[in-house]
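Fold and contact review
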Amino acid sequence: MPAFSLDPAQTAWCAELRTLAADRLRPLADKGEPGRVNRPLLAELGQLGLLRRLFTSGALDLCLMRESLAYACTEAETALALQGLGAYPVHAHGTPAQRERWLPPVSEGRAVAAFALSEPGAGSDAAALDLRAEPDGPARWRLTGEKRWISNAPEADFHTVFARTTPGAGARGVTAFLVPADRPGLTGTALDMLSPHPIGALDFDAVPVTAADVLGEPDRGFRVAMGTLNLFRPSVGAFAVGMAQAALDATLAHTSRREAFGGKLKDLQTVAHQVAELALRTDAARLMVYAAATAYDEGALDVPKRAAMAKLLATETAQYVVDTAVQLHGARALQRGHLLEHLYREVRAPRIYEGASEVQRGIIAKELYANLEEASR
């Protein structure tokens with residue numbers, strides 16, 4: 001299947017998801033408390049079977065889910081994505097016991113997952129992790145340090161935690177651990193962020209972990225992190241595309257009916273050209289997201305580059321589209337409760353998390369030069 005083509009079943013599924021998001025998920029999202037996990041919303045995502053699909057679908061299906069949900073309910077999209085980000089390492093690298101314990105309640109919306117990678121001194125530079133996993137006997141460690149800007153913290157039921165097991169080894173000395181929230185020595189605090197879901201800091205005071213908590217292999221945790229991000233980065237782009245499409249459709253409707261300067265706004269060439277530019281950029285971003293997701297599903301060698309390109313283009317595009325849509329709507333778009341006021345707040349963070357735009361450019365350049373060196377051998 002070409003990366004730019006969806007079959008009728010996929011198109012119908014996207015339309016169904018938009019309807020479900022508007023009719024069943026949006027009312028639950030509206031009842032949620034900002035900065036808190038919305039457990040009824042998670043339960044409904046589980047009831048609809050969408051959380052289970054995080055572990056049974058490919059990257060393209062994940063993108064279609066995130067784009068469709070984001071169009072009508074960004075809170076539902078984010079709740080679904082965070083479950084996937086926190087629990088996918090368990091699905092992909094966990095032991096049978098770990099998967100049996102945590103994946104069913106995650107899929108049903110009963111357990112909340114978190115992906116704990118960022119630290120106060122290691123945000124964009126993820127290989128510079130400082131959380132220490134100090135040996136405490138054979139195949140035992142104690143985690144000491146801090147994680148920061150962790151989505152779903154401190155309310156998550158378990159965390160995928162990345163800690164340094166070999167000092168001075170950079171990315172090669174990191175291990176991934178599955179750490180339940182009730183482990184002794186683990187505490188968390190909420191951060192007051194521009195976000196509808198909780199974001200917090202986690203403090204590790206000699207938190208005990210054993211070989212039974214390792215995800216994958218010791219000292220190979222960076223691969224767990226990057227493998228997860230390579231899957232989810234294109235779908236961050238899909239989230240952005242869903243928001244951009246919602247802003248574009250709102251702008252089409254507004255400019256078609258708004259009277260100004262003796263006619264409709266759409267009849268002003270400067271407005272019509274801006275709307276055309278919004279549509280052009282949104283579709284271009286969507287195509288790159290679908291192409292990156294298809295490359296992932298087909299096992300292509302250039303997935304890191306494609307994932308970075310998709311995430312970069314789509315999130316930067318969504319920022320432009322939403323900002324321009326606000327400008328074309330005028331002051332009404334800044335009123336609390338307006339769709340664009342909501343999107344204007346939501347669209348900013350994706351340019352930072354899961355690798356800021358500058359990090360994506362670095363990944364793209366690194367991959368390009370690596371390919372050049374490979375070709376010259």
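Description of the structure in this document.

Quick notes on the side chain of glutamate 67
Among the secondary structure elements, glutamate 67 is positioned in helix α4 (residues 59-72). Excluding residues that lie within four positions of it along the chain, glutamate 67 makes contacts with Ala238, Val241, Gly242, Arg286 and Tyr290.

Let's talk about unusual backbone geometry
Looking along the chain, the bond that leaves alanine 153 and enters proline 154 is cis, with omega of 5°. Mapped onto the fold, proline 154 is located in the loop between β3 (140-151) and β4 (158-164). One non-glycine residue, alanine 139, adopts positive backbone phi at about 55°. With respect to the element layout, alanine 139 can be found in the loop between β2 (132-135) and β3. You can call alanine 139 partly exposed: its relative accessible area is 42%. Here the phi dihedral of aspartate 219 falls at roughly 70°; this positive angle occurs in a residue that is not glycine. As for its placement among the helices and strands, aspartate 219 is situated in the loop between β8 (214-215) and α7 (221-257).

Examining the nonpolar core
Core analysis: the biggest nonpolar cluster contains 101 residues, and Leu45, Leu143, Phe162 and Phe177 have the highest contact counts within it. Look past the residues within four positions of leucine 45 in its chain and what remains in contact with it is Leu25, Leu50, Leu51, Leu69, Ala76, Ala79 and Leu80.

Description of the pairing of strand β5 (residues 174-180)
Of all seven residues in β5, seven are buried, a share of seventy percent or more. Going residue by residue along β5, you find Val174, Ala176, Leu178 and Pro180 tucked away on one face and Thr175, Phe177 and Val179 tucked away on the opposite face as well. For β4 and β5, the ladder comprises seven bridges, and the chain directions are antiparallel. Each bridged residue has a counterpart across the sheet, and for histidine 159 the counterpart in β5 is valine 179. Across two bridges, β5 lies against β8 in antiparallel orientation. When the sheet's bridge partners are listed, alanine 176 is paired in β8 with leucine 215.

Thresholds, definitions, all that
Residues numbered from 1 in each chain as written. Predicted model: local features only at pLDDT ≥ 70, side-chain atom pairs only at ≥ 80, totals over all residues. Heavy atoms only, no water. Helix = DSSP H or I, 4+ residues; strand = E, 2+ residues; numbered from the N terminus. Contact = heavy atoms within 4.5 Å. Buried < 20%, exposed > 50% of the residue type's maximum accessible area, 1.4 Å probe, protein only. Core = buried A, V, L, I, M, F, W, Y, C linked by side-chain atoms within 4.5 Å. Pairing = 2+ DSSP bridges.

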